[in-house]
Every structure is written in C-alpha cells, then in structure tokens.
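The residues making up each chain are set out below.
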Amino acid sequence: MFFRTAADKRPFHLGTYPLEALPRDEAPARAEAPGPNGGPTDDSRAEAERPTPAPISTPNGPLTKTARHYRGLFAEFAQGEVAPVRAPVPDDLGARVIDIKGYGYFMDASQVGVCAMPEGAWLGTPAEGIGPEAESAERESADPESGGPLAHGFAIVLLVEHGRVPEPGNLAREWVAPAVEEVADMRAAEIAVCVARHIRQMGFAACAHFSGTTQADLERLAVLAGLVVRDGDALRNPFIEGGFALAAVTTEYELSPDQPLARRAAKAKGFAYWRGVNGAMSGRERNRRAKRATHLGPYPMETVRRVDEPTTLILEAEVPRVPKRAAFFDRALRGDLGEKSTRERNRFAFKQPHAAAMMGPMRAMVPIQGGAHDAHADTSAYADPGANARAIKSLGYHMGADFVGICEVPRYAWFSHGSDGETIEPYHKYAVVMLIDQGYGTMEGASGDDWISGAQSMRAYLRGGEIAGIMADTMRRLGFPARSQTNVDSDVLHIPLLLWAGLGEMSRIGELVLNPFIGPRMKSVVLTTDMPLEVDKPIDFGLQYFCNNCQKCARECPCDAIPLGDKVMFNGYEIWKPDVERCARYRLTNTKGSACGRCMKTCPLNKVVTMDGPLVERAASWLGLRAFWLKPLMVPIAVKLDDVLGHGKRVPEKKWWLDLEVIDGVCVTPKGINTRDLDLTRNTDPAKQKIATYPASMMPVPNDNRTQPVDRKAALAATKRLESPAVARARHARGEAPPAHYTPTPAAAGAPKGPTSAPAPYQGLAGSGKAAR
C-alpha cells in the first residue's frame, strides 16, 4: 500500500479488468449451439444491441470516413502467408495463451478471451483453408508439421471499449459522436490483424475478423470466450456500460479456452471492483478519468508549473537545421557504421514476431500521412484558436494518445533535407504533439534490452502513426492543411517540439524528454497544420535538479552511452549529450534482444501516478510538482530508495511474451536473452567515460546517400571542444558568434544521391511510399 500495491504482482495477461474473478458457467456454451446456417436457435440470440452515443450529425462525417478508410487499410492484412516452419512454441497451452492474451492487452485491447471455434460460428462460406469445409477436406491429409492450412479450431476474441464523446460546446463533439463505433471498430481491426500476423509468423494459419471483414459470428464468439453475457436481445459486459467493438482471430494454433460467463456475472461492479480486486485497475480510478474534461486527458498536466521557456537553454538563433541523413539509424542504413550495422538496420526492431506483425500496417500508412486539403470547405466555424485547440486535444485523446500538447514549430525544428537529399522548406505553423505510453506493465517484466524491447517501440510508432494520420486526414477534410510526422517519415525533429508543447523536460538520458507522470516511458508523434491553434507553454517540474543528482540511467546503460558528467551545449541546445553512435550500434546489433530501452526501464521516474499507485509514489509526485523547496531533501532519498526497493529489476509476473527470434522469415529460439537486473557496483566516475559527439560540422553531406564513414576519433576530440551552458550563455550575451562546429556540413552541388535500392525497414525500398506534404 505504501511502497507496493497488488497491481505490482498482477500477471499482465489478465488485463486491467478483473475478468478472472467472475463466475463461469458452461450453460451459455450449450445455449449458443448453432441453428440453421450457423444462426441463433431462438429469439434470445438475435443480433445484440449495444448502447452507443446518439449521432449528432451525419454518420458520414470526416472522422467517420477516415476511420473507415483506415479499417479498410488494415483489412488487407486480415489474411496472409504463413511462415514455412513452425516456431518452437511450448506444448503447454496455458503458456501459449499467456503470449496471445498478453499481446492483445499489449496492443490495448480492453478485454481478451479465447474459445473453441464451433462450426456454427462461421457465417456464410468461409475463406479457403479457414472454415469447416476446410476442416473436413484437409484434416486427414494435411501434416501439422508442414505449416499447411488446417481448419481453425480456436478463436481469440478482442473487445475494444468505445472512447469518450467530447462535451457539448466542444467542437470535436460533432466530429467524434457520429464516429465512435467506426473508431472502435478500426482499433479492433488493427489489433486483430497484428495478433493474426504474429500467429502466422510463428507458422500457424490465422485470420482476423472484424466489422466489414468477418466470416465469423463475433457476438457468439464473445459469449463463448467469456467476455459478454446475453441479456435478451443485448450483449452485456460486466464492467463496460457503454458500447464496445468486437474482433476475433480464428486460428489452427491450439490454445486453452476460457469458459463462458455465468449470467450472474453481468452484475460485477461491487465493492471489490471499486477497490481494484486482484490488482486490476480500480473502479474509482476509471471513474476519476471519466470525470475529467475530454481535452485534459487522463493525467493532470494542468497542475504542472508552466514557464515561458524550456528549463534547458536553447540559443534559438544559433541552432542549425540538420538533415535526416545525419540521424544515426539513417547513417547505418547508408553504410556509415559498417557492414554489420547496415545488415542489422533492416531487421533489428522487427526480428521478433510481435514486432514483425506490426510492420505491414506501419508501412501501409506511410503514403497517406499527407495530401491535399479540401480548399472549398467552410472553415468559418474554426476561427477561435482556443476552441480549436480544445477540440484537437479531445480528438487526440479519443483516438488513444496519452498526452497532447500544442506549440508553434520553430524553424530549427524542421529538417534541412529529406531522406532523398532534397531541401525541406517549412510548410506549417503549428504542431500538435502527442505521447504514446510504451506500457508500464510490459516494461516491468522486461530487462529493457531483451526480446520485447523493439516491439514496445514499434507498438508506440504504429499507434502514433495511426492516431496522427487519422487526425491529419480529418483536418484536411475540414479544410485545413495537415500532415502526420511519424517515426517512419517525419520532416520535423520531435524533441524541441515536445519541450515547447509542454510535455516534458530534457533528461540525463540525453536526447529524450521526461514526462512528469510516466517519465521516459513513451514515444512521440506529431501532427503539423495551419489550423489556428492556441499554444501551450513549456513546463518545469524540477527535473534538472533530479537528473543532476541521479545517475541511474547512465549506471545501467549496457553500452555506456549515457553521460555521467554535466550538461554541455550541443548545436545550440543545453543537453546531457549521449554517445549516439555507441547507442545506435548497440541497439542495432544487440544479439540477446531486439533494440534497447534500458534507460527507460531503470529510470526512477518510470512509474504510474494514478489513484491506484503506491501512497509514497503518489505523495512524492504531488510534492515534486509543488514543493520545489523540498527537492534537496527529497531527491537523494528518492534516488536511494529506488534502488533499495529494487525498481528497475525484472518482475516475472509481468513477462507474457515468448522469446523468439525471426531469422529468414522463420521463428527460432534465440541464442541468448538479456536477463540483467541492477548493477549497484558499477563505477560512475565521469572522468573514466569517453563520449563521442558529432556536431553539425561533422554531419554527413545531406544530399549524398553514398557511404560516408563516421570518424569516431574525431568525434571524441569534438566532445572536448563543446561549451558548457554557462560559457555559451555568457558568450551569447556578449554578442559573439557561435562556435564553428555549429555550422552544418553543406550540401554538395550535383552530388549523387547514391543507391536508392538500399532497403528501408518501414518503407520497403528507401524513399518508396513517402508521404505527400
């Protein structure tokens, strides 16, 4: 209660609702016996009616159309090729279920259940190789070890709760209310295709079913999987009073089924639910979130101190614009880091089946990140920047963003050159900046650099691309230029926008912003637009003092890339400058895991600050945001206590995934797994650490995609020439010119762009599928 809660030991695959505490009964399974053509046997099993918000305007509004379009995009991945060799999965069907349910919850399904796939649950004529006809034709002839199609005997059922509708008077209400069902159906489709692709990557046939693309009776399957109870003509979920969407994955992958719910389970919101039975999210925390205005989101960012400028110095007139070619993952793609890094660049984050499952949908969204807006739309209703900002934030939260902030885009936040070497000219005034939580529960079960690490990033990138893409398309339909700026394809640097949009402060981790409520455990996505918007201010929650007195991320970094010493000025920014080359090489070539996020895992501010959190953490967070005068006392205690309590160690109950590596399209047992915990004895003397930095003057020629090898020796020397913030501030006050290394490497006239066939992991061939601006 004070330092720990029941949630700390709640197995992740159980989800956030206490479904495991509900009474079960096999009677509903018998009642769901098939009628003619797989239909219901009596009127009580007629099509369910789930309560949904009444439409306020046309059901074909801009958000509705866009959500439907994205759902159609995901439908292309409902079926697909199955890996030719089956993965070394466990014989224990329960262990298989933990992986599958865990993945569903990892992808943000509200509830997940498993059932046997009865013959009567098929609708019409099933697709080749997935229905009862396939079962009778192939059961005797197909070899289970061959990976060939077998009848699907099991179904994974996914339930996605409808999002909140903005309040009356909020401009977003007109966009969202008619689209609630479509948005939930789209999200259910995204999760279902990823689960199906994961199973197919493991060598088992699987097909996703969802609204508009289903050959299965989703409502019957939801009853059989123990997610809903039939109540006359309606489906009732014990915990969700509003509407929900359903999707399913049918598969030949044998799983341990759940039992249906007993009828009395429909009335489950008792005292145990409100206090958070078995460590599930409590009813009081859900109620707290439901009472907040929709534009504020789930976390009280409005309570954080606002300031006029970021808490770290930015000499705006001196900050150089840099090319995409300078990013170290791009440099690896072009061969700058050597053959091994180039080879691994194309698989490092997708060499694990959960992450590989997301690659197709991620690629498919790139071409529609931008596009022309409706220049003839009537925009007269959107003259108030404040009202527009509230509406955009409400839309972002409805779509699933965890934090939303708004700022103007400074010129230096635009890349100077694109990945194709062409010059980028700034084209939008505002940035809507959003954060996607990478998932506290999963991170608790991981070491930070094991086989789930890459999937944590990819899930956030997939979800962010989806959210920003749908929002941008909706805004273009409303008549405003807009483009999503994603990890896959962005024309802007995200970090300065995070600072100006008031979503966090710079941290010791270096090129990473920390948020006051979830710490570093997030990825960002940006939407740029010319819609008039009221901007937010930067925030100050005392992080600079905290990071000055904490070295835990640097101590635990597996490649010694995070600085142990003081901040420096790098390209006009005050920053703890990490060794990005070393960091990139480790993430690319990690042989015992996929990528790395160990700094996020071990940070003392990687936490959950809600009504369900430990009392000490909640009190410390409250004081940390308000009693700055206590920080000299609190921070040393907090840093020490974090180690004493073992925060940053792996929590076995939270591990849900199977450790598998994808090699040449086939899942195999990896040669090793990073199982590190805390290293309390590691030397943390800054004098013994060597950090290489590559300032603007050492960046590659921006329009030459041929290999330009890094010079690490020169980069180590460059670090010694960096100014301290105090020296830079004094120099700037005297009106003196910035250091020569702030001047970026110029473009070369007539420089060849190099081979365009270098495979880019998200977009197939480098430069292909690039979004319009």
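Throughout what follows, the structure given in this document is the object of discussion. For every chain, the first residue of the written sequence is number 1, and numbering continues from 1 along that sequence. Thresholds applied to this predicted model are a pLDDT of at least 70 for local features of residues and 80 or more for the giving and counting of side-chain atom pairs; totals over whole chains, interfaces and linings are not thresholded and use all residues. Side-chain metrics rest on all non-hydrogen atoms present in the structure, leaving aside hydrogens and water.

1. Some details on the pairing of strand E11 (residues 510-514)
The two faces of the sheet receive side chains in turn, since in a regular strand these alternate between them.
Alright, step 1. In terms of burial, E11 is largely enclosed, as 4 of its 5 residues are buried.
Alright, step 2. With 3 bridges joining them, strand E10 (residues 505-507) and E11 adopt antiparallel strand pairing. In the strand pairing of E11, Glu505 is matched with Leu514.
Alright, step 3. Here, a strand pair is defined by DSSP locating no fewer than two bridges between the strands. Put simply, DSSP H or I for four residues or longer makes a helix, DSSP E for two residues or longer makes a strand, and each gets a number counted from the N terminus. Turn length for the E10-E11 hairpin, with the two strands adjacent in sequence and antiparallel, is 2 residues. Throughout, exposure labels follow a simple rule: accessible area from a 1.4 Å probe, protein chains only, divided by the maximum for the residue type, with under 20% read as buried, over 50% as exposed, and the rest as partly exposed.

2. A short note on the packing of helix H13 (residues 385-399) against helix H15 (residues 453-478)
Alright, step 1. Where H13 meets H15, the axes come as close as 10 Å, and the angle between the chain directions of the two elements is 140°. Comparing their axes, H15 and H13 come out oblique. Relative to H15, H13 is oriented so that their crossing is right-handed. Between H13 and H15, the contacting residues are Ile392, Leu395, Gly396 and Met399 on the first element and Ile467, Ile470, Met471 and Met475 on the second.
Alright, step 2. Each residue is assigned to one of three groups, with Ala, Val, Leu, Ile, Met, Phe, Trp, Tyr, Cys and Pro labelled nonpolar, Asp, Glu, Lys and Arg labelled charged, and all others, Gly among them, labelled polar. The residue inventory of the contact of H13 with H15, partitioned by class, reads 7 nonpolar, 1 polar and no charged. A fitted line through C-alpha atoms represents every axis, and for helices the fit uses only the stretch in contact; the resulting angles, taken between N-to-C directions, go from 0 to 180 degrees. For this classification, under 35 degrees means roughly parallel, over 145 means roughly antiparallel, 65 to 115 means roughly perpendicular, and everything else is oblique. Whether a crossing is left-handed or right-handed is set by the direction in which the near helix is turned from the far one by less than a right angle, anticlockwise for left-handed and clockwise for right-handed. Contacts: residue pairs with any heavy atoms within 4.5 Å of one another.

3. Some remarks on the pairing of strand E2 (residues 154-161)
Alright, step 1. The buried fraction of E2 is high, at 7 of 8 residues.
Alright, step 2. As defined by bridge partners, strand E1 (residues 111-116) adjoins E2 across 6 bridges and the pair is classed as antiparallel. Bridging across to E2, Cys115 finds its partner in Ala155.
Alright, step 3. Of the strand pairs in this sheet, E2 and strand E6 (residues 244-251) are connected by 8 bridges, and their pairing is antiparallel. Looking at E6, one finds that Val160 is bridged to Ala245.

4. Considering unusual backbone geometry
Alright, step 1. With a phi angle near 60°, Asn278 is a residue other than glycine that sits in the positive phi range.
Alright, step 2. Structurally, Asn278 is set in the loop between helix H8 (271-275) and helix H9 (283-291).
Alright, step 3. A residue is classified by how much of its surface remains accessible, and Asn278, at 43% relative accessible area, is partly exposed.
Alright, step 4. A positive phi is found at Asn571, a non-glycine position, where the angle reads about 55°.
Alright, step 5. You can see Asn571 is positioned in the loop between strand E13 (568-570) and strand E14 (573-575).
Alright, step 6. Judged by relative accessible area, which is 6%, Asn571 ranks as buried.

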